[in-house]
Amino acid sequence: MALTLTEANKLSNDQLMAGVIDTIVSESPVLEILPFIDVVGTAVTYNRESVAPTVAWRAVGDEWTESAPTFSQVTTSLKILGGDSDVDNFLRQSRRDTNDLPAIMLQKKAKALAYEYEDKFLYGNATTDPLTFDGMHVLVTSGQTVSVGSGATPAVLSLAKLDEAIDKVKPGKPSMILMSKACRRRISVYMRANSSPVNFSINEFGHRVMMWDSIPIFASDFISDTETIAAGVFSAKTGAASTSIFFFQTGEDALAGLKVGDFPTIENFDKLETKDASRIRVKAYTSLALFRTLSVAKIDGISTGAVTA
């Protein structure tokens, strides 16, 4: 069973590693809930069902015809994400009475890694940038997309479309709904003015979480409110005034992150050859795998107008 970073943190006896995971999870609603599968090798290959087998009603004596499912093979490659922070030894020694500079640099670098992962979780495209992995806008198929806009013009979100997208995720319900903060505010405005199935709960981090029909709604700082649509569907992260909402189930048979070893891995270099400094490297060998296409859905082409029924 794949562990979320939150659960992995509970198993860590390393205070430094636990602190880094806490920083990453607190900065990203995606990393708070997304499970990660530990990988051996540079890629994961798996089979997705393409066509389901069929059955039929038959009369006595009828000839039975065989029907088998067909599969498509998918390979998801691991990518390298990370960065270095150098700490000058003079500053480290002279400022140690006020701040732990290596700890501060490590925290900042961990936060940057969380931000970059969440951005690519949404907008990554391995075709245009082979160093990254495919994100949700690429992974969600056309059959799992509810487009409310027309041509290049977005349209307001309706609660009926929200339910339509939820119903596309099956079996069961999504684990999470992810949208921009502006989009979440518009749903809150509707909730305050009308009766709706929206309520709130408190998660394990003490954060107030909006719920839609018992499904948690999280807001991402990295979902753009300036997306562009073309021919009624998402076409670019910026350039116009629309946004998207994502729905997904997580798990080893749905949507999951991939990693090798710890997420992230922390390396310390005490002495550098060309300067009087130490170096902290924060890195992750990681990717995103969609094992079942029906486990995700999205609504695109949402305008800034008020939410309707």
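Quantities reported herein were computed from a predicted structural model and do not represent experimental measurements.

Engineer: What is the right way to read the overall build of the chain from this model?
Structural biologist: Regarding its fold elements, the chain presents eight helices and 17 strands. In terms of overall dimensions, the chain has C-alpha extents of about 85 × 55 × 35 Å along its principal axes. Counting over 309 residues, the chain shows a buried share of 45%. In the chain, once contacts between residues fewer than 6 apart in sequence are set aside, the share between residues at least 24 apart is 73%. Entry remark: accessible area of the chain is about 15,800 Å², with carbon and sulfur atoms responsible for 52%. Placing the 30 positive and 36 negative side-chain charges of the chain at their respective mean positions leaves the two points 5 Å apart.

Engineer: Would you mind showing me how to read the side chain of S287 here?
Structural biologist: Within the secondary structure, S287 sits in strand β16 (residues 277-290). Of the polar contacts made by the side chain of S287, one reaches the backbone oxygen of S77; its length is 3.0 Å.

Engineer: What is the right way to read the pattern of salt bridges from this model?
Structural biologist: Opposite charge on two side chains permits them to pair, given that their charged atoms come into close proximity. Scanning all chains against the criterion turns up 13 salt bridges. Put simply, D84 and R279 hold a salt bridge, and the shortest N to O gap is 4.0 Å. Pair noted here: D84 is in strand β5 (residues 79-88) and R279 is in strand β16, with a separation of 195 residues, a long-range link. Here R279 falls in the partly exposed class, since its relative accessible area comes to 23%. Among the ionic pairs, D86 bridges to R279, the shortest N-O distance being 2.5 Å. Of this pair, D86 sits in strand β5 while R279 sits in strand β16, and the two are 193 residues apart along the sequence. On the basis of relative accessible area, D86 is assigned to the partly exposed category, the value being 27%.

Engineer: Where do I start with unusual backbone geometry in this structure?
Structural biologist: What you tend to see is this: most non-glycine residues have negative phi, and most peptide bonds are trans. Residues K170 and P171 are joined by a peptide bond in cis, for which omega reads -5 degrees. Here P171 lies in the loop between α7 (159-168) and β7 (176-179). Here the amide bond leading from F263 into P264 is cis, since omega sits at -5 degrees, within 30 degrees of zero. Inspection of the secondary structure puts P264 in the loop between β14 (255-259) and β15 (265-269). Its identity as a non-glycine residue notwithstanding, D213 has a phi of 55 degrees, on the positive side. By secondary structure assignment, the location of D213 is in the loop between β9 (208-212) and β10 (215-219). On the basis of relative accessible area, D213 is assigned to the partly exposed category, the value being 38%.

Engineer: I keep staring at the nonpolar core and nothing clicks. Help me out?
Structural biologist: Looking at soluble globular proteins, one finds that nonpolar side chains tend to be buried together. Grouped together as the largest cluster of nonpolar side chains are 39 residues, with contacts concentrated most on I24, Y117, F121, L178, F248, L255 and F263. Among the secondary structure elements, those contributing two or more residues to this core are α2 (15-27), α3 (29-33), α5 (101-123), α6 (136-139), β7, β9, β13 (243-248) and β16. Counting residues in hydrophobic clusters, the runner-up holds 25 residues, among them V148, L162, I166 and A297.

Engineer: Teacher, can you tell me more about the side chain of S220 here?
Structural biologist: Relative to the assigned elements, S220 resides in the loop between β10 and β11 (228-230). Given the relative accessible area of 1%, S220 is considered buried. At 2.4 Å, the side chain of S220 forms a polar contact with the side chain of E118. Ignoring any residue separated from it by four or fewer positions in sequence, one finds S220 in contact with P29, E118, L122, L178, M179, S180 and K181.

Engineer: Help me understand the pairing of β10, please; the structure alone is not making it clear to me.
Structural biologist: The side chains of a regular strand alternate between the sheet's two faces. Across the five residues of β10, five count as buried, placing the element largely inside the fold. Burial along β10 is two-sided: the face carrying I215, I217 and A219 and the face carrying P216 and F218 are both buried. Bridging between β7 and β10 involves three bridges; their strand directions are parallel. Within β10, the residue paired with M179 across the bridge is A219. The hairpin turn running from β9 into β10, its antiparallel successor, is two residues long, and D213 in that turn takes a positive phi close to 55 degrees.

Engineer: Honestly, the packing of aromatic side chains in this entry has me stumped. Any pointers?
Structural biologist: Geometrically, a pair of aromatic rings is defined through the distance of the ring centres and the angle of the planes. Within this structure, the stated rule accounts for eight aromatic pairs. Measuring from ring centre to ring centre gives 5.2 Å for Y117 and F133, while their planes differ by 50 degrees; the resulting arrangement is tilted. Placement of Y117 in helix α5 and of F133 in the loop between α5 and α6 is noted, with a sequence separation of 16 residues between them. Across this residue pair, the class does not change: Y117 and F133 are buried.

Parameters and conventions
- Residues numbered from 1 in each chain as written.
- Predicted model: local features only at pLDDT ≥ 70, side-chain atom pairs only at ≥ 80, totals over all residues.
- Heavy atoms only, no water.
- Helix = DSSP H or I, 4+ residues; strand = E, 2+ residues; numbered from the N terminus.
- Buried < 20%, exposed > 50% of the residue type's maximum accessible area, 1.4 Å probe, protein only.
- Contact = heavy atoms within 4.5 Å.
- Areas by Shrake-Rupley, 256 points an atom, 1.4 Å probe, with all protein chains shown as cover.
- Lys, Arg positive; Asp, Glu negative; His and termini not counted.
- Charge placed at Lys NZ, Arg CZ, Asp CG, Glu CD.
- Polar contact = N/O pair within 3.5 Å; in protein donor to acceptor, adjacent residues only side chain to side chain.
- Salt bridge = Lys/Arg side-chain N within 4 Å of Asp/Glu carboxyl O.
- Core = buried A, V, L, I, M, F, W, Y, C linked by side-chain atoms within 4.5 Å.
- Pairing = 2+ DSSP bridges.
- Phe/Tyr/Trp six-rings, centres within 6.5 Å; stacked < 30°, edge-to-face > 60°.

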